[in-house]
Amino acid sequence: QVQLVESGGGLVQPGGSLKLSCAASGIILRNAGMAWYRQAPGKQRDWIATIGSGGNTNYAGSVKGRFTMSRDNAKNTVYLQMNSLQPEDTAVYYCNLINRSIGWGQGTQVTVSS
């Protein structure tokens, strides 16, 4: 089956950093544009970052300058490096193809709290 598995979340203090991973199975990501999303409690799932097949990236204004998306096609994995985390970044983080042809995974919880 096709599956995306997010990992790397956890509890960090404001100003801290985390690196999230999104590992794919059952599909090759090399030619796929990928995106990260997040969903805070009681809120909709929002797009935060994309990376194209050629490595070009785009970011939502809320994370630009703090988050960096990357990919390792040899590992069939994409990443999200998150720096200068703030409480407002607390959410479940999900990855998916830009074309949304794969269902959502379980996500990984990021909690930013003092």
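Anything mentioned here points back to the structure above.
*Asks:* Teacher, can you tell me more about unusual backbone geometry here?
*Replies:* Leaving glycine out, the prevailing phi sign among residues is negative, and the prevailing peptide bond configuration is trans. Look at Asn 76: it is not a glycine, yet its phi comes out positive at around 55 degrees. With respect to the secondary-structure elements, Asn 76 resides in the loop between strand S7 (67-72) and strand S8 (77-82). Located in the positive-phi region is Arg 100, a residue other than glycine, with phi close to 55 degrees. Relative to the elements of secondary structure, Arg 100 occurs in the loop between strand S9 (91-97) and strand S10 (108-112).

*Asks:* Even after reading the chapter, I still don't get the packing of aromatic side chains, so can you show me in this structure?
*Replies:* Centre-to-centre distance and the angle between the planes together describe a pair of aromatic rings. Evaluation of the coordinates by the stated rule reveals two aromatic pairs. Ring geometry for Tyr 37 versus Trp 104: centroids 5.0 Å apart, planes at 90 degrees, classification edge-to-face. Within this pair, whereas Tyr 37 is found in strand S4 (residues 34-39), its partner Trp 104 is found in the loop between S9 and S10, the two being separated by 67 residues in sequence. Centre to centre, the rings of Tyr 94 and Trp 104 are 5.9 Å apart; their planes meet at 70 degrees, and the pair counts as edge-to-face. Separated by 10 residues along the polypeptide, Tyr 94 in strand S9 and Trp 104 in the loop between S9 and S10 bring together distant segments of the chain.

*Asks:* Can you help me understand the sheet that holds strand S2 (residues 10-12) in this one?
*Replies:* Whether parallel or antiparallel, the strands of a sheet pair through hydrogen bonds between backbone atoms. The six strands are arranged S2-S10-S9-S4-S5-S6 in an open sheet whose pairing can be described as mixed. Edge positions in the sheet fall to S2 and strand S6 (57-59), since each has one partner strand and no second. Recorded for the sheet is a direction-independent mean angle of 25 degrees between the axes of neighbouring strands. Examined bridge by bridge, S4 and S9 share six bridges and lie antiparallel to one another. Looking at S9, one finds that Arg 38 is bridged to Tyr 93.

Parameters and conventions
Here, residues in each chain are numbered from 1, in the same order as that chain's written sequence. Reporting in this predicted model follows two pLDDT cut-offs: at least 70 for local features of residues, and 80 or more for side-chain atom pairs to be given and counted; totals over whole chains, interfaces and linings ignore these cut-offs and use all residues. Heavy atoms throughout the structure, all of them, feed into the side-chain values; hydrogens and water do not. Only DSSP runs of H or I reaching four residues or more are called helices, and only runs of E reaching two or more are called strands; each is numbered from the N terminus. When the centres of two rings from Phe, Tyr and Trp lie within 6.5 Å, Trp using its six-membered ring, the rings pair. Their planes under 30 degrees apart give stacked, over 60 give edge-to-face, and anything left gives tilted. Paired strands are those between which DSSP finds at least two bridges. Angles here are taken between N-to-C directions and fall from 0 to 180 degrees, while the axes themselves are lines fitted to C-alpha atoms, restricted in helices to the stretch in contact.

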